[in-house]
Amino acid sequence: MEAVFTRWPHVIVQFEDFQSKWAFKLLQRYRNTYRMFNDDVQGTAGVAIAGLLGAVRAQGRPMIDFPKQKIVVAGAGSAGIGVLNAARKTMARMLGNNESAFESARSQFWVVDAKGLITEERQNIDPEALPFARKIKEANRQGLREGASLVEVVREVKPDVLLGLSAVGGLFSNEVLEAFKGSTSTRPAIFAMSNPTKNAECTPEEAFSIVGDNIIFASGSPFNDVDLGNGHVGHCNQGNNMYLFPGIGLGTLLSGARIVSDGMLQAAAECLAAYMTEDEVLQGIIYPSTSRIRNITEQVAAAVVKEAIKEDLAEGYREMDARELQKLNEEEILEFVKNNMWSPEYPTLVYKEG
């Protein structure tokens, strides 16, 4: 990293496909020193957070109600823990961003890995998963124990959201989906986020046919929408990291931020969540069409620049120094972003013989 930034001092480094055991260590080692981020941990988390906030909107509720959501998470690898950390920070931020808020947010998650429900009784628990281990008294009050199966957890918790980041294809079995029908949510959400397609925890057809037409469904892999009959469509929302990482990179570059902060990542996720219209989210569409990616990138980058200025991290870009950046209003920041985006336009070349 030192060599890279010595050679290219303004570069932004994106980490990708690191093993879980290295992903967090390297992220924590470098994130406060260099302009870098880990897309598997932070990009996946941001897109998932945007989807989770969109699911709250699809219930006809404001995003500020997110801390009330009960979320069962299947998977405690780098992606799963990354999403958990980001979701807890988002909830805590909405609740006041103090110690009490973080504790309240922690209690909204139930994490299940290959060994079952993670509680404080777990032996040799991964330090990254420890903050999300259920207190054994809490678990027992819910009729759960250390290592309880996913179907047991879903049946007892009756969550608003079932979030899959396990990389285990078919993990959301018919039995699990049947248990999820007991959700207390007015519009439960299933996020089968593992890639590639064969690793998806379930298909949209399975989810809609078993749980019901009223669910919100999102996946990490591309699936076709589901024909529910009578002119109704079950929308399959693909939560692709491409919605965020171009805007995060561009916004960081244009702001001249020294690091990529949690606040900048949070701003990107909230921007994506707010991008959809009320009519779209009420139809169950929580992610936009990828045909709108250029406009999405503009909006996300502008949100990142704005947050970098707010956190006093922005040092400017080319002729736009930090003082000039601070004078810009929201419309001017967006225009600044548009003017500095690369446009893939080339002159037409005509071949002439001779």
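Now for a look at the structure at hand. (Residues numbered from 1 in each chain as written. Predicted model: local features only at pLDDT ≥ 70, side-chain atom pairs only at ≥ 80, totals over all residues. Heavy atoms only, no water.)

**Focus on the environment of Gly256**
In step 1: Among the secondary structure elements, Gly256 is positioned in the loop between helix 10 (245-255) and helix 11 (262-275).
In step 2: Here the alpha-carbon distance between Gly256 and Arg61, two residues 195 residues apart in the chain, equals 36 Å.
In step 3: With residues up to four places along the chain from it excluded, the contact list for Gly256 reads Arg35, Leu313, Ala314, Glu315 and Gly316. (Helix = DSSP H or I, 4+ residues; strand = E, 2+ residues; numbered from the N terminus. Contact = heavy atoms within 4.5 Å.)

**A short note on the packing of aromatic side chains**
In step 1: The tally for this structure, following the rule as stated, stands at seven aromatic pairs.
In step 2: Where Phe15 meets Tyr30, the ring centres are 6.5 Å apart and the plane angle is 70°; that geometry is what we call edge-to-face. Here Phe15, found in strand 1 (residues 13-15), pairs with Tyr30, found in helix 2 (residues 20-30); they are 15 residues apart in sequence, far enough to count as distant. Each member of the pair, Phe15 as well as Tyr30, carries the same accessibility label: buried.
In step 3: Pairing Tyr30 with Tyr34 gives two aromatic rings, centres 5.9 Å apart and planes at 55°, and the pair type is tilted.
In step 4: Overall, the relative accessible area of 17% leaves Tyr34 in the buried class.
In step 5: Geometry around Trp22 places Lys25 over its ring, the cationic atom sitting 5.5 Å from the centre. (Phe/Tyr/Trp six-rings, centres within 6.5 Å; stacked < 30°, edge-to-face > 60°. Buried < 20%, exposed > 50% of the residue type's maximum accessible area, 1.4 Å probe, protein only. Lys NZ or Arg CZ within 6 Å of the ring centre and 35° of its normal.)

**Examining the layout of surface pockets**
In step 1: Taken as a whole, the largest pocket encloses approximately 560 Å³ of empty space.
In step 2: Secondary-structure elements contributing two or more residues to the lining of the largest pocket are helix 3 (39-58) and helix 4 (78-95).
In step 3: Per-element tally for the lining of the largest pocket: the top contributor is helix 3, with five residues.
In step 4: Of the residues assigned to the lining of the largest pocket, the class counts are nine nonpolar, 14 polar and four charged.
In step 5: Its boundaries defined by the atoms lining it, the second largest pocket holds a volume of some 420 Å³.
In step 6: Of all the secondary-structure elements, those providing two or more residues to the lining of the second largest pocket are helix 2, helix 3, helix 4 and helix 11.
In step 7: Counting residues per element, the lining of the second largest pocket draws most heavily on helix 4, which supplies six residues. (1 Å grid on protein atoms, 1.4 Å probe; cavity = no way out; pocket = protein on both sides within 12 Å on 5 of 7 lines; lining within 4 Å. Points joined across faces, edges and corners; volume = space filled by probe spheres on them. Nonpolar A, V, L, I, M, F, W, Y, C, P; charged D, E, K, R; others polar.)

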